Amino acid sequence: MIAASHTVRSEDNVERLSANGAELEYETRGSGEPLVLIHGAISAEAFDALLGESALASRYQVTNYHRRGFLGSSRHNGPCSIAEQAADALAVIRQVAGGRGHVAGHSYGGAILLQLALDAPEAVHTLALLEPPLPVPSAEAFIGRLAATAGIYAAGDGEGAMDAFLDIVLGPSEYKEACARHLPEGWHERAVADIDTFYQVEFPALGEWAFTRELAQGVTQPVLSVYGANSDPFFREGDTLIGDWLPQAETFVLPEASHGLEFMNPRGMAEGLVAFLAKHPMRVPATA
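All of these numbers come straight from a predicted model, not from anything done at the bench.

Draft legend 1. Expanded view of a negative patch on the surface. Judged by side-chain charge, Asp157, Glu159, Glu185 and Glu189 come together as a negatively charged surface patch. Here Glu159 shows up in helix α6 (residues 158–170).

Draft legend 2. Structural context of the side chain of Asp196. Within the secondary structure, Asp196 sits in helix α9 (residues 195–208). Within the structure, the side chain of Asp196 is placed 2.5 Å from the side chain of Tyr153, a separation counted as a polar contact.

Draft legend 3. The arrangement of the environment of Glu237 in detail. Of note, Glu237 is situated in helix α11 (residues 233–245). On the basis of relative accessible area, Glu237 is assigned to the partly exposed category, the value being 26%. Along the backbone, Glu237 and Pro133 are 104 residues apart, and their C-alpha atoms lie at a distance of 10.0 Å. Discounting chain neighbours no more than four positions away, the residues touching Glu237 are Val136, Pro137 and Ser138.

Draft legend 4. The arrangement of the packing of α6 against α9 in detail. Interhelical geometry of α6 versus α9 gives an angle of 75° and a closest axis separation of 9 Å. Here α6 lies roughly perpendicular to α9, going by the angle between them. Of the residues in α9, those in contact with Gly158, Ala161, Met162 and Phe165 of α6 are Ile195, Phe198 and Tyr199.

Draft legend 5. Summary view of the pairing of strand β3 (residues 33–38). Most of β3 is tucked away: six of the six residues are buried. Judged by which residues are buried, β3 turns out to be covered on both faces: Glu33, Leu35 and Leu37 on one side and Pro34, Val36 and Ile38 on the other are all buried. Bridging between β3 and strand β4 (residues 60–65) involves six bridges; their strand directions are parallel. Within β4, the position partnered with Val36 by the bridge is Thr63.

Procedures and definitions
Per chain, residues are indexed from 1 in the order of the written sequence. The predicted nature of this model means local features are confined to residues of pLDDT at least 70 and side-chain atom pairs, given and counted, to a pLDDT of 80 or more, with totals for whole chains, interfaces and linings taken over all residues. Side-chain descriptors were evaluated using all non-hydrogen atoms of the structure, hydrogens and water having been removed beforehand. By definition, no residue in a patch forms a salt bridge, and every one has over 30% relative accessible area; like charges are joined within 9 Å, nonpolar side chains (Val, Leu, Ile, Met, Phe, Trp, Tyr) within 5 Å. In this description, accessible areas are obtained by the Shrake-Rupley approach with a 1.4 Å probe, and a residue is regarded as covered only by the protein chains that are shown. Each salt bridge in this description consists of a side-chain nitrogen of Lys or Arg and a carboxyl oxygen of Asp or Glu lying within 4 Å of one another. Counting rule applied: Lys, Arg positive; Asp, Glu negative; His and chain ends not counted. Every charge is mapped to an atom, namely NZ of Lys, CZ of Arg, CG of Asp or CD of Glu. Labels follow the DSSP assignment, with helices taken as runs of H or I lasting at least four residues and strands as runs of E lasting at least two, numbered in each case from the N terminus. Throughout this description, a polar contact denotes any pair of N or O atoms lying within 3.5 Å of each other; where both atoms belong to protein, one of them has to be capable of donating a hydrogen while the other can accept it, and for residues adjacent in sequence the pair is counted only when both atoms sit in side chains. With a 1.4 Å probe rolled over the protein chains alone, any residue whose accessible area is under 20% of its type maximum counts as buried; one over 50% counts as exposed, and the rest are partly exposed. Throughout, a residue-residue contact means that at least one pair of heavy atoms, one from each residue, lies within 4.5 Å. Axis angles are defined between N-to-C directions and span 0 to 180 degrees, where every axis is a line fitted to C-alpha atoms and, for a helix, only to the segment in contact. Roughly parallel means an angle under 35 degrees; roughly antiparallel means over 145; roughly perpendicular covers 65 to 115; every other angle is labelled oblique. A pair of strands counts as paired when DSSP detects no fewer than two bridges linking them.

Spelled out as structure tokens, the structure:
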């Protein structure tokens, strides 16, 4: 059984929508062309620092929603596939962007974004892929290291499993200071409270998800591939694969960051997104 809902920090600007039998929280800041953010696993608050960057919010209407199983959004009551998560993202885009927008997905959220671009290409104007998990040569070994943390979780130590997971994907010397500086106070406790979502639902769903060279041919929109200068080779290999399978993609290497891209260097991430999005406007300016 998935853990019961827990108390969430109060936010005056958090709104809710009904989507596919669930209630999803979301927050929108700024004005301009719509940009929807799809957060990764573990913490729904990883994009919070990016929302505060004026370089982004001064030019775009930025929406961050909390996926099922996170914070005040509905709990899971069983399995939930990547395709089902993509359907939730589509509902958000319809709600806040009129059915089409720029979309950025981090890590697990990048897998959801790729599936969304395949299932509802009309809804995705551009894709910003922030280190999604892809079938690269080192994937088996890297995922095997993550799977080992499931034993800690199964022994009843959700916090220990989460911290071991973050040590692997972010680097033990990389993320603690960045989290303290850029994530909201209490994020760690809230992430621990949501940890069942990852081990009971999302990790199994990721194992069942497939993205192949053949499927990649269905992604024709502009693509930005982002990886951190300090990230594990697994994620850098992902950028190489994206460049091979999606030849329209351009790469942005974010300095001073590992896998926690958007909260390790939020200003650099905002500037990289703005530069990419500006090249691919949704509306063509009127001619004189």
